[in-house]
2 protein chains.
Amino acid sequence: MDAEAIQRSLESSGLRCTAQRYAVMAFLMDHKGHPTAAEIFEGVNRLDPRSSRATTYNNLRDLVKAGLVSEVAVEGRAGRFDAKGTRHHHFICDRCGSVEDMEWYNVPKPASRSLGKRVVRECQLIFRGLCTKCASR
Amino acid sequence: MDAEAIQRSLESSGLRCTAQRYAVMAFLMDHKGHPTAAEIFEGVNRLDPRSSRATTYNNLRDLVKAGLVSEVAVEGRAGRFDAKGTRHHHFICDRCGSVEDMEWYNVPKPASRSLGKRVVRECQLIFRGLCTKCASR
DNA sequence: CTATTACATTAGATATATTCTAACTTTTCA
DNA sequence: TGAAAAGTTAGAATATATCTAATGTAATAG
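From a predicted model like this one, the values you see are computed outputs, not experimental measurements.

Just to check I follow, could you spell out the relation of the copies chain A and chain B for this structure?
Both copies of the chain are related by a screw-like operation: a rotation about an axis and a shift along it. You can overlay chain A on chain B at an RMSD of 0.3 Å; the transform is a turn of 180° with a shift of 0.1 Å along its axis. Both copies of the chain, as the preceding transformation shows, are related through a two-fold rotation axis. Of every C-alpha in chain A, the one belonging to A:L125 sits nearest the axis of rotation, 2.3 Å from it.

Encoded structure:
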C-alpha cells in the first residue's frame, strides 16, 4: 500500500491523516512481524516526526477501532499489532515467544446450536509449538 | 476433579502439592471463566491459607509449564488462565471483552508445505464477534 | 479571512500487571 | 541429623498502558 492509499484509508475511516498517525500505519505495513506498541513507538520515532508514547497508543487504538489494524491475541503482556493486509493465522513459539504468520485457510464455523445468539465476525486459528529455529535444537 | 486427583496430577508433574499450589489449581477447576492472575490471587486468599502474589504467579507459571493449566491467548493486558479440563475453543466479545468457552471440534491442520519445519503442539480457535448479551443491543 | 470548535498531540504523572530479590521456611533424602 | 532442593514471602523493581491538562492544528461557519 502506498502513501496515498494509506491516506485514503485513514480518511475514509473518519480519521485525519496526521503525520503521527500516518507513521504508525506505514510502520505496520512495513513490519509484518506483529510489533508491540513499544516497538512501533521506537520505530516511528527513529524517523521524523517525533511522536509521543501517548499518541502512539491513542493512534493504535483509533486504528483498531476503525478496523485498519488488529490487535493480535497472544498471551504475554505486550499487545501486538498487525496491519490488516491479508488474512492469516498465527503460529506462536512455545520457547521463544515469536509470532509468525501462517497461510490463511477457511475454518469450519461452530454448530449454530453451540453458537446460540452470538454473532461471529471472524474466526482465527492459533498454532502453538516450536518455530523453525527452536525446533532444530 | 476431586482433591486427590489434583494432588496426583501435581505430583505426577514433579510439583509438590503445597497448600498454595493446590489452591490455585482448585480455584481454576472451580472457575471456568478464565480468571486473571489477580482474580486467582484474590480468590485464593479469601480462604486459607494466605498466599502471596509472587507465589500465585510462580505457581501459575509452574502449572503452565507442567501442562496442567494453559494461558488463554487474548488481547488486553491481563493474562487469563484455564485449567486444562476439557478441550474447548474460545469466543471473545468485541464489545465487552468477555471470554467464553465454545464446544470443541477438530480443526484441519495447515498444509505441511506452509508449516515447514515447525512443530505444532496444539491448535486453538478463537472466534470474535458479539456475545449473547452484547448482540441484543 | 478569523473565530469557533472539534480533533490531535504532548510530557509527565499515574495506574496496572508482572517479575525480581533476598531472606526465610519446609520438605526430601542421603 | 543436616545439607540440599523446593517453596514461600513482602516489598522493591520493572514493564506496559492510560490519564491529565495544557497546547497545538485543521475544518468550517460566519
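Looking at this structure, how should I read the protein's contact with DNA strand C?
Surrounding DNA strand C, one finds 24 residues, the nearest of these being A:T18, A:S52, A:T55, B:A54 and B:G79. Listed by contribution, the elements that provide at least two residues to the surface near DNA strand C are α2 (19–30) and α4 (53–65) of chain A together with α3 (37–46) and α4 (53–66) of chain B. When the residues that make up the surface near DNA strand C are grouped by side-chain class, the tally is 7 nonpolar, 9 polar and 8 charged.

What exactly am I supposed to notice about the pairing of strand β3 (residues 89–93) of chain A here?
Working note: regular strand, side chains alternate between the two faces of the sheet. All names here are of chain A. Of all 5 residues that make up β3, 5 are buried, and the element is covered over most of its length. Direction of pairing for β3 relative to strand β4 (residues 99–102): antiparallel, over a ladder of 4 bridges. Directly across from H89, in β4, lies its bridge partner M102. Hairpin geometry of β3 and β4 is characterised by an intervening segment of 5 residues between the two adjacent antiparallel strands and by a positive phi of about 80° at G97. Bridge analysis of β3 against strand β5 (residues 119–130) gives 4 bridges, and the strand direction is parallel.

Looking at this model, I keep getting lost on the interface of chain A and chain B. Mind explaining?
The interface is formed by 34 residues belonging to chain A together with 34 residues belonging to chain B. Within the residue set of the side of chain A that touches chain B, elements represented by two or more residues are β1 (69–72), β5 and α6 (132–135) of chain A. Among the elements that take part in the side of chain A that touches chain B, β5(A) stands out by supplying 12 residues, more than any other. In terms of strand pairing, β5(A) meets strand β5 (residues 119–130) of chain B through 11 bridges, oriented antiparallel. Pairing of A:L125 across the sheet is with B:L125, part of β5(B).

Is there a simple way to think about the protein's contact with DNA strand D in this case?
Inspection of the region around DNA strand D gives 24 residues, with A:A54, B:T18, B:Q20, B:S52 and B:T55 positioned closest. Listed by contribution, the elements that provide at least two residues to the surface near DNA strand D are α3 (37–46) and α4 of chain A together with α2 (19–30) and α4 of chain B. Considering every element that reaches the surface near DNA strand D, the biggest residue donor is α4(B), with 5 residues. Taken together, the residues of the surface near DNA strand D break down into 7 nonpolar, 9 polar and 8 charged.

Which parts of the structure should I look at to understand the environment of A:D82?
Residue and element names in this part refer to chain A. Mapping D82 onto the fold places it in strand β2 (residues 80–83). A C-alpha to C-alpha distance of 16 Å links D82 and C123, two positions 41 residues apart in sequence. The residues touching D82, leaving out its near neighbours within four places in the chain, are H34, V69, S70 and V72.

When you look at unusual backbone geometry in this model, what are you seeing that I'm missing?
Peptide bonds are mostly trans, and most non-glycine residues show a negative phi. Phi is positive for A:H34, which is not a glycine, with a value near 60°. As for its position among the elements, A:H34 is in the loop between α2 and α3.

Just checking my understanding: could you explain the sheet that holds β5(A) for this structure?
A sheet is described by the order of its strands in space; here 6 strands give the open sequence β4(A)-β3(A)-β5(A)-β5(B)-β3(B)-β4(B), paired in mixed fashion. On the outer flanks of this sheet lie β4 of chain A together with β4 (99–102) of chain B, each paired with one strand and no other. For this sheet, the mean inter-axis angle between neighbouring strands, taken without regard to orientation, is 30°.

Even after reading the chapter, I still don't get the environment of A:G33, so can you show me in this structure?
Its place among the elements puts A:G33 in the loop between α2 and α3. Measuring from C-alpha to C-alpha, the distance between A:G33 and A:A83 comes to 10.0 Å, with 50 residues separating the pair along the chain.

How should α3(B) be read in this particular structure?
Side chains three or four residues apart in an α-helix point the same way, a direct result of the helix having 3.6 residues per turn. Residue and element names in this part refer to chain B. Turning to α3, its buried residues are I40, F41 and V44. Relative to the axis of α3, the buried residues are bounded by an arc of 100° and lie together on one face. Across from the buried face of α3, at angles greater than 90 degrees, the exposed residues are A38 and R46. Considering only its buried residues, α3 is in contact with α2, α4 and β2 (80–83).

So, how was this worked out
- Residues numbered from 1 in each chain as written.
- Chains lettered and ligands numbered in written order.
- Predicted model: local features only at pLDDT ≥ 70, side-chain atom pairs only at ≥ 80, totals over all residues.
- Least-squares fit on C-alpha atoms with pLDDT ≥ 70 in both.
- Near = placed C-beta within 6 Å.
- Helix = DSSP H or I, 4+ residues; strand = E, 2+ residues; numbered from the N terminus.
- Nonpolar A, V, L, I, M, F, W, Y, C, P; charged D, E, K, R; others polar.
- Buried ≥ 20, exposed ≤ 12 C-beta atoms within 10 Å, placed from the backbone.
- Pairing = 2+ DSSP bridges.
- Contact = placed C-beta atoms within 7 Å.
- Axes fitted to C-alpha atoms, helices over the stretch in contact; angles between N-to-C directions.
- Arc of directions from axis to C-beta.

Any functional reading would require information that these geometric values do not contain.
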